[in-house]
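# Close look at the chain arrangement
So the chains spell out like this:
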Amino acid sequence: MIQITLGNVRIVSEESIVETAVRHKRKNVNGGLKVHSSVFASDPSMAFAFHILGTSSSGNCSILQADDTRIMIDAGFPGPRLESSLTKIGIEVPAIDAIFITHEHTDHCIGLTALLRQNPLLKVFANRETARRIQSTQKIRPNWQIFETGTTFEFRNLKITSIPIPHDAADPVGFAFDCPHADSGSHKRVTWLTDLGHATDVVRHHCALADILVLEANYDDEMLDLSKRPISLKQRIRGNHGHLSNHDARDLLLGLKEWQTSHLYLGHLSKECNRTILVDEVMQAVRHHKEDLQVSVIDPLEENPVSYW
């Protein structure tokens, strides 16, 4: 894993043993400086890999690989962007075994149609209400795998827990994926929690249990106030079924009493009402609270994957 820190901002990327990273300097218009971009190939022999292809208010998608199982979490980018991101990690659409959808908003499922064109038999996991809303926009019927919100179920070698979350969608969820660890006989838990109007007890519980946690830090309060967004939209974003601010995410994390997370990724940043450097500054308190925690902020303007293995 490569971690490059410039000022207070940590940028994370990976180098594959197959392909050397390609780097170049450029300005980061979202705040701070970006020191490199990376293009790399995924090693199919790796037992575990987690790739965040993107997470922001404009689109969300990640890939989780555990042994010979590859799944996608959300498909919130148009087909060409998804295909480009998958190419960068050396994965083709037919190699994906299933997609897990958190809710029906377009920044989480707009790419589903394009993926199904390439792989019509692709399994699509969603709860009943989410599947119903998405199906109404589809000309073809996906291979739905319906689960009940709040339940734990299995897919191949993964154990998945669907986590109810407060958001203004039909029946939104987060996910916790327990991935087997062949060497130790234990597991690694990857938890994806974005689009949270507030932190419920259930959300706090699952944050504390995650080894790798992706958590929303959607907006900066002052930037939202100064934005040209209508008052009604600002109220929706700040509402109990909207999104977490930078300070909301910080307070959630500082309130955890027992917390086993080793890697924290802050995502779902608003391009208009947030900056990576602002999130990073707010998260200094979290770093001091849990000194063994690696904290990374996902730039909503960056199109290269952020990876962990």
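Up top is the structure these notes are about.
All residue numbers here refer to positions counted from 1 along the written sequence of the relevant chain. At least 70 in pLDDT is required for a residue's local features to be given in this predicted model, at least 80 for side-chain atom pairs to be given and counted, and no such filter applies to totals for whole chains, interfaces and linings, which use all residues. Excluded from the side-chain calculation are hydrogens and water; included are all heavy atoms of the structure.

## Re the overall build of the chain
Rules: Strands are runs of DSSP state E lasting at least 2 residues, helices are runs of H or I lasting at least 4, and numbering of each runs from the N terminus. Think of it in three bands: residues with accessible area under 20% of the maximum for their type are buried, residues over 50% are exposed, and the middle band is partly exposed, with areas taken using a 1.4 Å probe on protein chains only.
Secondary structure assignment for the chain yields ten helices and 18 strands. A burial count over the chain gives 57% of its 309 residues as buried.

## Considering the pattern of salt bridges
What counts is decided by this rule: Throughout this description, the term salt bridge denotes a Lys or Arg side-chain nitrogen within 4 Å of a carboxyl oxygen of Asp or Glu.
The final tally for this structure, using the stated rule, is 13 salt bridges. Across the salt bridge formed by R204 and D201, the nearest N and O atoms sit 3.1 Å from each other. A residue pair is termed a helical-turn pair when its members lie 3 or 4 positions apart in one helix, as R204 and D201 do in helix 5 (residues 201–209) at three residues. Overall, R204 belongs to the partly exposed group, its relative accessible area being 33%.

## Quick word on the pairing of strand 9 (residues 123–127)
Applied cut-off: Between any two strands, pairing holds if DSSP finds at least two bridges. Throughout, right-handed denotes a crossover for which the path from the first strand over the helix to the second runs clockwise when the strands point away from the viewer.
Counting buried positions along strand 9 gives four out of five residues, so the element sits mostly inside the fold. Pairing of strand 8 (residues 98–100) with strand 9, which is carried by three bridges, proceeds in the parallel orientation. Across the sheet, the residue bridging to I99 is V124, located in strand 9. Relative to strand 10 (residues 143–147), strand 9 is paired through five bridges, and the arrangement is parallel. Note on strand 10: the bridge partner recorded for V124 is W144. Once the chain exits strand 9 it traverses helix 4 (residues 128–135) before rejoining the sheet at strand 10, and the crossover so formed is right-handed.

## Points about the layout of surface pockets
Defined as follows: A pocket, in this scheme, is an open set of points on a 1 Å grid over the protein atoms alone with protein on both sides within 12 Å along at least 5 of 7 lines, while a cavity is a set where a 1.4 Å probe fits but cannot get out; residues line either one if an atom lies within 4 Å of a point. Grid points are joined across faces, edges and corners, and a volume is the space filled by probe spheres set on the points. Each residue is assigned to one of three groups, with Ala, Val, Leu, Ile, Met, Phe, Trp, Tyr, Cys and Pro labelled nonpolar, Asp, Glu, Lys and Arg labelled charged, and all others, Gly among them, labelled polar.
Space inside the largest pocket adds up to approximately 160 Å³. Forming the boundary of the largest pocket are 13 residues, of which S57, R236, I237, H243 and H268 lie nearest the centre. The element best represented in the lining of the largest pocket is helix 7 (residues 231–238), accounting for three residues. For the lining of the largest pocket, the class distribution of residues is two nonpolar, seven polar and four charged.

## A short note on the sheet that holds strand 10
Put simply, the rule is: Think of each axis as a best-fit line through the C-alpha atoms, taken over the contacting stretch in the case of a helix, with angles from 0 to 180 degrees between the N-to-C directions. Contacts between residues were defined by any pair of non-hydrogen atoms, one from each residue, lying within 4.5 Å.
Ordered by their spatial adjacency, seven strands build an open sheet running 10-9-8-7-6-5-18, and the pairing between neighbours is mixed. Strands with a single pairing partner mark the edges of an open sheet, and in this sheet they are strand 10 and strand 18 (306–308). Strand after strand, the sheet turns through a mean of 20° between neighbouring axes, direction not considered. Each of strand 5 (48–56), strand 6 (59–66) and strand 7 (69–73) touches helix 1 (residues 79–88); the most contacted strand, strand 5, lies at about 145° to it. Packing against the sheet, helix 4 makes contact with strand 9 and strand 10, and its axis sits at approximately 120° to strand 9.

## Details of unusual backbone geometry
One non-glycine residue with positive phi stands out, namely D67, at about 55°. Residue D67 is classed as partly exposed on the basis of its relative accessible area of 31%. Of note in this structure, D74 is not a glycine but carries a positive phi near 65°.

## Re helix 8 (residues 246–254)
Basically, it comes down to this: The directions considered for the arc run from the helix axis to the C-beta atoms.
Considered for burial, the residues of helix 8 that qualify are N246, A249, L252 and L253. The arc that holds every buried residue of helix 8, seen down its axis, measures 130°, which confines them to one face. Summarising the contacts, the buried residues of helix 8 are in contact with helix 5, strand 15 (212–216), strand 16 (263–267), helix 9 (276–282) and helix 10 (284–289).

## Digging into the nonpolar core
Put simply, the test is: Throughout, nonpolar core names a set of buried Ala, Val, Leu, Ile, Met, Phe, Trp, Tyr and Cys residues whose side chains join them through atoms within 4.5 Å.
Ranked by internal contacts, the top residues of the largest apolar core, which has 28 residues, are L193, L215, L252, L253 and L264. Sorting the residues of this core by element identifies helix 5, strand 15, helix 8, strand 16 and strand 17 (294–297) as the ones contributing at least two each. Excluding its chain neighbours within four sequence positions, the residues that come into contact with L193 are I163, I165, G174, V203, C207, L213, V214, L215 and E216. Core analysis: the second largest hydrophobic core is formed by 27 residues, V173, F177, V190 and V306 among them.

## Description of the sheet that holds strand 15
With mixed pairing, seven strands are arranged side by side in an open sheet as 11-12-13-14-15-16-17. The sheet terminates laterally at strand 11 (152–155) and strand 17, the two strands that pair on one side only. Averaged over all pairs of adjacent strands, the angle between strand axes in this sheet comes to 20°, irrespective of strand direction. Bridging between strand 13 (residues 173–180) and strand 14 (residues 187–193) involves six bridges; their strand directions are antiparallel. Residue pairing for strand 14: C179 is matched across the bridge by K188.

## A look at the pairing of strand 11
What you see with strand 11 is a clean split: F153 and F155 sit on the buried side and T152 and E154 on the side with no burial. Relative to strand 12 (residues 158–164), strand 11 runs antiparallel, the two sharing four bridges. Across the sheet, residue T152 finds its bridge partner in strand 12, namely T161. The hairpin formed by strand 11 and strand 12 contains two residues between the paired strands, and R156 there has a positive phi angle of roughly 50°.

## What about the environment of D225?
Note the following rule: Counted as a polar contact is a pair of N or O atoms within 3.5 Å, where, for protein atoms, one must be capable of donating a hydrogen and the other of accepting one, and residues adjacent in sequence contribute only when both atoms are in side chains.
Residue placement: D225 occurs in helix 6 (residues 221–226). C-alpha of D225 to C-alpha of C273: the two residues are 48 residues apart in sequence and 8.7 Å apart in space. In contact with D225, not counting residues within four places along its chain, are K234 and R238. A distance of 3.0 Å separates a polar atom in the side chain of D225 from a polar atom in the side chain of R238.

Interpretation in functional terms is not warranted from these geometric data alone.
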